[in-house]
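Read off the chains here:
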Amino acid sequence: KQLALLKNPKVALGLSITFFWLGGYSLAYTYISPYLLEVAGINENLLSGALLAFGVASLIGSKLGGFSTDKWGVSPTLLGGMILHVVALILLSVTVTISPQPFTVIALLVLWSFAAWSSGPTQQFNLVRIAPNHSGIMLGLNQSMMQLSMAAGAGIGGIAIEQVSLSSITWLGTIGVAISILASLFLIVMLKEKVAQQNTNI
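Cut-offs applied
- Residues numbered from 1 in each chain as written.
- Predicted model: local features only at pLDDT ≥ 70, side-chain atom pairs only at ≥ 80, totals over all residues.
- Heavy atoms only, no water.
- Core = buried A, V, L, I, M, F, W, Y, C linked by side-chain atoms within 4.5 Å.
- Buried < 20%, exposed > 50% of the residue type's maximum accessible area, 1.4 Å probe, protein only.
- Helix = DSSP H or I, 4+ residues; strand = E, 2+ residues; numbered from the N terminus.
- Phe/Tyr/Trp six-rings, centres within 6.5 Å; stacked < 30°, edge-to-face > 60°.
- Lys NZ or Arg CZ within 6 Å of the ring centre and 35° of its normal.
- Axes fitted to C-alpha atoms, helices over the stretch in contact; angles between N-to-C directions.
- Parallel < 35°, antiparallel > 145°, perpendicular 65-115°, else oblique.
- Contact = heavy atoms within 4.5 Å.
- Nonpolar A, V, L, I, M, F, W, Y, C, P; charged D, E, K, R; others polar.

1. Focus: the nonpolar core
Nonpolar side chains in soluble globular proteins generally cluster together in the buried interior.
Line of reasoning, step 1. Counting residues in hydrophobic clusters, the biggest one holds 49 residues, and the most contacted among them are Tyr 35, Leu 36, Met 82, Leu 92, Val 105, Leu 109 and Trp 112.
Line of reasoning, step 2. Counting residues per element, the ones that place at least two in this core are helix 1 (9-29), helix 2 (32-39), helix 3 (44-72), helix 4 (74-98), helix 5 (102-130), helix 6 (135-163) and helix 7 (168-201).
Line of reasoning, step 3. Ranked by residue count, the leading element in this core is helix 1, at nine residues.

2. Let's talk about the packing of aromatic side chains
Line of reasoning, step 1. Counting across every chain of the model gives nine aromatic pairs.
Line of reasoning, step 2. Ring geometry for Tyr 25 against Tyr 29: centres 5.4 Å apart, planes inclined by 15°, an arrangement best described as stacked. Remark: Tyr 29 and Tyr 25 occur in helix 1; sequence separation between them is four residues, near one turn of the helix.
Line of reasoning, step 3. You can call Tyr 25 buried: its relative accessible area is 6%.
Line of reasoning, step 4. A relative accessible area of 36% places Tyr 29 in the partly exposed class.
Line of reasoning, step 5. Ring geometry for Tyr 29 versus Phe 54: centroids 5.1 Å apart, planes at 15°, classification stacked. Of this pair, Tyr 29 sits in helix 1 while Phe 54 is found in helix 3, placing the two residues 25 residues apart along the sequence.
Line of reasoning, step 6. Taken together, the ring pairs connect Trp 21, Tyr 25, Tyr 29, Phe 54, Trp 112 and Trp 117 into an aromatic cluster.
Line of reasoning, step 7. The ring of Trp 72 carries the charged tip of Lys 71 above its face, separated from the ring centre by 5.7 Å.

3. Describing the packing of helix 3 against helix 4
Line of reasoning, step 1. Close contact between helix 3 and helix 4 brings their axes to 7 Å; oriented N to C, the two are set at 140°. By the angle between their axes, helix 3 is oblique relative to helix 4. On helix 4, the residues touching Gly 65, Ser 68, Thr 69 and Trp 72 of helix 3 are Val 74, Pro 76 and Thr 77.
Line of reasoning, step 2. Of the residues belonging to the contact of helix 3 with helix 4, the class tally is three nonpolar, four polar and no charged.

Structure follows, in structure tokens:
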């Protein structure tokens, strides 16, 4: 009965946002240490500090994502966070290719983490509004999708490193998040059509 919710196109589309957003993130983050050391040229002595800053930024991003969702709504916060996520990954990819200055790379790493995790609480709100009468089930499905997407991202990242290069992971992660943006736009259109139809029926 719970899995029957997946037959709803809006539910499936909503969960696909989680899959591609977190899958794109996981694809790059799983291999971030070797990426920073070998591609970005970060000194090993700076690595632990860079990862600490990354973790703090994720906490701040999550808190501000929840605040922004309450103040400005789900759609602007979700789209804004994921667009910033894509921009941060592109800037990181370009920077490490052209001129990988350690503190510039760390700053972009912090921006990436902040943007990525601003979408966490917002996506949960997003899924609940799709099926408000089944909020518990939706959040449970979201947790399962998060685990699946992290595993898939890590797996695809490993293949990419072996078949292409270590530097490819941020570009592939960008593609994943870009797909989640498209899925979000389609979902917004579908939800607006549903509201319009309800208003017409009234």
